[in-house]
Amino acid sequence: MFTRKFCIGLALSIVLTGCSFSSNGKADIKGFAENQTLRLTEQKNIATLDSVKASDSTSMNVLNNVQEGLMRMGKDKKLVNGIAEDVETNKDKTNYTFKLRKDAKWSDGTPITAHDFAYAWKRAINPKEPTDYGYIFAPIVNAENYSNGKVSVDKVGIMAPNDHTLQVKLVKPQNNFLSLTTLPAFLPQKKDLVEKAKTKYGTVEGLQNMVYSGPFKVDSWANNKVVLSKNEEYWDRPAVKLEKVELYIGMDIPTGINLYNTDRIDATALDQAYVEVYKQTPDFISVELASSNYILLRINHKEGEAFFKNTNIRKAINLAIDRDVLANKIMKDGSKPAGGFVPPSLNGVGNESFRKHGEVVKYDVSKAKEYWKKGLEELKLSSAPEEIQMISYNSTAKRDMAVAIKEQLRRNLGLNVLLDAPPWSVHLQNLREGNYQMGMLGWGADYNDPISFLEIFQSDAGMNWAGFSNAEYDKLLEQAKSESNQAKQYELLKQAEQILVGTEGKGQSAIIPLIYASNAYIQKPHVKELYRHAYGPEYSLKWAYLVNE
Amino acid sequence: MLKYTLKRLSYMVVTLWIIATVTFFLMHLLPGTPLKNEEKLPEHIKEQIMEKYGLNDPLPVQYLNFMGGLVQGDLGASYTQDGREVSGMIAEGFPVSAFIGGQAVVFGSIVGLLLGLIAALKRGTWMDNLSTMIAVFGISIPNFVLGALLAYFVGVKWGILPVALWESYASSIMPSFALALVVVAIISRYIRTEMVEVLDAEYMKTAKAKGLPRRTVVFRHALRNALIPAITILGPLTVNIITGSLVIEQIFALPGIGEYFVKSIVNNDYTMITGITIFYSILIVSVIFIVDILYGIIDPRIRLSGAKE
């Protein structure tokens with residue numbers, strides 16, 4: 001039996017904040033501000049505070065700070081213990097046993113038990129109440145079968161043998177299962193409260209009956225303003241230094257910046273129009289995301305000719321795009337040129353970036369021209385087809401990116417691409433139904449696992465809208481999925497990515513990577529220890545505090 | 001008068017039914033679905049969710065369900081805000097939009113009326129020219145340009161008023177002012193044109209010849225007649241302004257209902273689209289009804305012809 005002990009969250013949080021503190025948590029911090037009220041903005045409204053239903057960024061961000069799951073995301077992608085104080089796994093990482101801390105309490109003073117977790121998780125996959133994130137439980141034994149109505153709920157591999165033990169059985173070894181447990185879908189819920197509130201659970205109307213397991217609780221939520229206050233029942237309350245958080249939701253970027261400049265808020269998001277203005281100031285922050293943008297090429301679909309079925313044509317496109325221009329001249333927010341699909345913020349082995357081995361494809365016009373010529377000959381075309389259309393985003397920066405790509409392909413290959421920027425729902429529908437030739441798209445990971453990127457292009461994956469099918473690629477991924485040794489798994493995934501985006505050797509250039517995305521913010525220098533994350537919820541306020549300037 | 005009122009009321013109901021029906025079918029022609037996290041949803045789960053919301057039913061069945069709810073006053077729950085009643089969302093946001101808009105209409109009408117009167121009475125002078133200039137600005141500068149300029153100069157640069165957010169009375173001044181300019185422009189133009197016409201009428205000469213004081217001539221005889229077109233336009237104008245402006249509410253981060261008009265369509269939030277359209281229609285139809293009654297009070301000739309119908 002392989003046992004891995006995780007250090008206790010409190011001890012780790014002291015290391016993370018980089019300062020020691022006495023029981024009241026603030027004595028030793030230099031210039032600790034009297035008023036610990038942090039003011040932030042969110043661009044979108046909260047869809048729901050029901051953790052089982054939440055799938056939008058604002059809801060997930062608030063939930064991450066008012067609730068706590070088994071594990072929590074700390075600084076620099078490090079997992080710290082949440083309600084779980086210890087976890088044991090078997091050797092092939094298919095059984096996880098979580099020991100819950102006995103001092104964990106809901107904000108109403110009642111204990112948080114393993115049953116609260118089992119209840120919420122099973123609720124997320126209830127076939128009668130399908131949820132947006134239910135699919136994320138698929139690694140758990142029979143979760144998918146239960147959500148399809150094939151087996152009963154007691155067959156699902158989630159067990160709570162007693163109040164402080166939660167056992168989870170997985171279908172396959174999963175090296176990164178702990179990263180999953182930081183997500184809102186894996187938060188605990190109190191059964192009696194959920195059942196009492198019915199459809200009002202997690203809405204504004206049901207707010208009085210909510211209880212919280214995390215560092216903060218929601219005091220009010222009205223008129224686009226959410227106020228959080230410190231949860232005095234939280235198990236790790238000495239680590240929480242903020243007394244109050246004001247969150248202004250549904251805020252436009254220019255308005256957020258006006259408020260920031262009049263000192264009404266402490267941090268806000270930037271877009272491309274403002275990045276340049278603030279980039280040189282000490283307030284500027286760029287956060288690397290676990291998200292890549294790429295061009296989807298229509299490779300295999302039943303109807304119509306498929307220009308991009310030709311591998312040489314795809315390779316030519318792949319080599320003819322100068323990603324430097326896209327990342328550094330257009331996005332400017334810290335986004336990086338992408339020569340692969342898996343972003344650098346995801347880990348390969350241990351805490352090392354997946355991209356440690358470098359990029360797969362590089363800008364090379366002369367090679368691109370060669371492949372282009374070869375491809376056209378194979379297709380018996382004398383020149384590039386005239387009606388190649390690319391579906392692009394309708395947001396300003398990404399539309400500019402599409403225009404730059406169009407210009408590069410025209411200049412480097414003589415290919416004239418027509419651009420179309422429909423509303424998002426139409427954009428998605430066209431890609432899903434194969435009603436496109438080239439389509440810009442992004443993929444973001446919810447948790448730290450490169451497989452969640454690469455598996456979407458397996459032949460039978462629902463998200464494989466390119467119609468890409470490669471037996472070797474499928475095999476490599478299946479092997480990687482059942483590999484419990486991370487180093488071996490990383491090798492398999494590296495080979496798979498080479499097939500997916502590569503131009504050399506077995507490379508198929510099935511998709512054309514563009515950039516690894518980042519988000520840009522401005523934040524007052526008096527805000528300390530506010531951790532922003534690459535995947536899952538965007539930030540953690542547990543350790544944040546304010547100092548006097 | 002009662003018969004006339006009842007007849008108008010029944011027209012209102014029919015109008016609303018037609019609007020609701022047309023909106024329902026038009027919105028189902030929109031491509032896409034109201035689902036969130038759509039790019040990641042596996043196909044079978046998408047199906048389950050569509051099934052749960054009854055979106056897989058044939059359109060006529062969906063229409064009957066929708067109408068059934070509507071008759072009972074149930075607008076349904078929003079798709080973008082899980083489980084929240086559309087009526088609750090409108091009820092929360094409308095007072096804010098109505099306050100900002102109402103203030104803009106009152107301020108705009110008073111200033112517009114004064115400007116129009118002065119321009120008509122002082123025809124051809126610099127005052128007339130100034131009023132024309134204000135009207136041209138009011139019509140041609142979009143409220144969001146004015147709003148953004150106000151926010152930057154008055155809010156950020158000079159720090160006189162709060163730059164955004166809904167916190168005190170002061171928060172309402174800039175947004176109301178930005179919305180009021182167009183009201184000023186429209187009302188002052190209408191009043192001026194009508195006043196000029198009325199002041200030249202034969203009965204004005206009679207009134208003056210009778211030796212009535214100038215005040216009585218202008219306010220009792222001239223203005224009363226000149227008000228009718230302004231009131232006609234004021235009704236729909238008020239509804240437009242108090243139901244909120246997406247852009248002004250975004251610039252000043254106000255929690256109004258303006259955004260629902262646009263975002264519900266972008267997100268395919270079916271219940272919100274129908275809810276907000278019906279809410280807007282009820283307001284418009286009611287205002288038209290009130291304006292009809294007002295005519296009768298201002299001009300008894302209209303009431304008489306109405307009663308004869």
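An unreviewed UniProt entry lists chain B under the name ABC transporter permease, from Polycladospora coralii. Under Subcellular location (unreviewed entry), UniProt gives the following word-for-word description of chain B: "Cell membrane". Quoted verbatim from the Sequence similarities (unreviewed entry) heading of the UniProt record, the comment on chain B is "Belongs to the binding-protein-dependent transport system permease family."

Chain A appears in an unreviewed UniProt entry as Peptide ABC transporter substrate-binding protein from Polycladospora coralii. In its Subcellular location (unreviewed entry) section, the UniProt record describing chain A reads: "Cell envelope". Turning to chain A, the UniProt record has this under Sequence similarities (unreviewed entry): "Belongs to the bacterial solute-binding protein 5 family."

1. Let's talk about the overall build of chain A
In terms of helices and strands, chain A carries 16 helices and 21 strands. Its C-alpha atoms give chain A a radius of gyration of 24 Å, within 12% of the compact-globule value 24 Å for 549 residues. Taking the principal axes of its C-alpha atoms as reference, chain A extends roughly 75 × 55 × 40 Å. For chain A, the residues scored as buried account for 60% of the 549 residues in total. In the form shown here, chain A has an accessible surface area of approximately 21300 Å², with 49% of it arising from carbon and sulfur atoms.

2. Some details on the overall build of chain B
On a plain count of helices and strands, chain B comes out with 13 helices and zero strands. For chain B, the sequential pattern of α-helices and β-strands runs α-α-α-α-α-α-α-α-α-α-α-α-α. For chain B, the spread of C-alpha atoms along the three principal axes comes to 85 × 60 × 30 Å. Buried residues in chain B amount to 49% of all 309 residues. Once local pairs closer than 6 in sequence are excluded, the contacts in chain B between residues at least 24 apart make up 74%. Carbon and sulfur atoms make up 70% of the accessible area of chain B, which amounts to about 15200 Å² in all.

3. Re the interface of chain B and chain A
Taken residue by residue, the interface counts 41 residues in chain B and 47 residues in chain A. Broken down residue by residue, the surface that chain B buries against chain A is led by Glu39, Lys40 and Asp82 of chain B, which jointly contribute 17%. Run the count over chain B and chain A and you get five salt bridges. Its salt-bridge partner being Lys52 of chain B, residue Glu129 of chain A comes within 3.3 Å of it at the nearest N-O pair. On inspection of chain B and its partner chain A, the count reaches eight residue pairs in polar contact (both at pLDDT 80 or more). Those elements that provide at least two residues to the side of chain B that touches chain A are helix H2 (43-52), helix H4 (86-121), helix H6 (143-157), helix H10 (246-251) and helix H11 (258-266) of chain B. No other element matches the seven residues that H2 of chain B contributes to the side of chain B that touches chain A. For the side of chain B that touches chain A, the class distribution of residues is 18 nonpolar, 10 polar and 13 charged.

4. Describing the packing of aromatic side chains
Given two aromatic rings, one states the distance between the centres and the angle between the planes to describe the pair. Residues and elements named next belong to chain A. Across all of its chains, the model carries 33 aromatic pairs over all chains by this definition. Relative to Phe177, the ring of Tyr96 has its centre 5.1 Å away and its plane inclined at 50°; by these criteria the two rings are tilted. Here Tyr96, found in strand E5 (residues 95-100), pairs with Phe177, found in helix H5 (residues 177-180); they are 81 residues apart in sequence, far enough to count as distant. Residue classification places Phe177 among the buried positions, given a relative accessible area of 0%. On the basis of an interplanar angle of 85° and a centroid distance of 5.9 Å, the ring pair of Phe307 and Trp372 is categorised as edge-to-face. In this pair, Phe307 sits in the loop between strand E12 (284-297) and helix H9 (311-319) while Trp372 sits in helix H11 (residues 365-378), placing the two residues 65 residues apart along the sequence. For the pair formed by Phe307 and Trp372, the shared burial category is buried. Put simply, the rings of Tyr96, Phe98, Phe117, Trp121, Phe137, Phe177 and Phe186 touch in pairs and so form one group of aromatic residues. Just above the ring of Trp235 sits the side chain of Arg101; from NZ or CZ to the centre is 3.4 Å. The ring centre of Tyr260 lies 4.1 Å from the NZ or CZ of Lys524, which sits over that ring.

5. Concerning the confidence of the model for chain A
Predicted confidence across chain A gives a mean pLDDT of 91, with 94% of residues reaching 70 or more. Confidence drops under pLDDT 50 across residues 1-23 of chain A; counting only partners more than four residues distant or on other chains, this segment forms 52 contacts.

Scoring rules and cut-offs
- Residues numbered from 1 in each chain as written.
- Chains lettered and ligands numbered in written order.
- Predicted model: local features only at pLDDT ≥ 70, side-chain atom pairs only at ≥ 80, totals over all residues.
- Heavy atoms only, no water.
- UniProt positions renumbered as here; feature names shortened; annotations may be inferred.
- Helix = DSSP H or I, 4+ residues; strand = E, 2+ residues; numbered from the N terminus.
- Rg over C-alpha atoms; globule rule 2.2 N^0.38 Å.
- Buried < 20%, exposed > 50% of the residue type's maximum accessible area, 1.4 Å probe, protein only.
- Areas by Shrake-Rupley, 256 points an atom, 1.4 Å probe, with all protein chains shown as cover.
- Contact = heavy atoms within 4.5 Å.
- Buried area = accessible area lost by both parts, 1.4 Å probe.
- Salt bridge = Lys/Arg side-chain N within 4 Å of Asp/Glu carboxyl O.
- Polar contact = N/O pair within 3.5 Å; in protein donor to acceptor, adjacent residues only side chain to side chain.
- Nonpolar A, V, L, I, M, F, W, Y, C, P; charged D, E, K, R; others polar.
- Phe/Tyr/Trp six-rings, centres within 6.5 Å; stacked < 30°, edge-to-face > 60°.
- Lys NZ or Arg CZ within 6 Å of the ring centre and 35° of its normal.
- pLDDT = per-residue confidence, 0-100.

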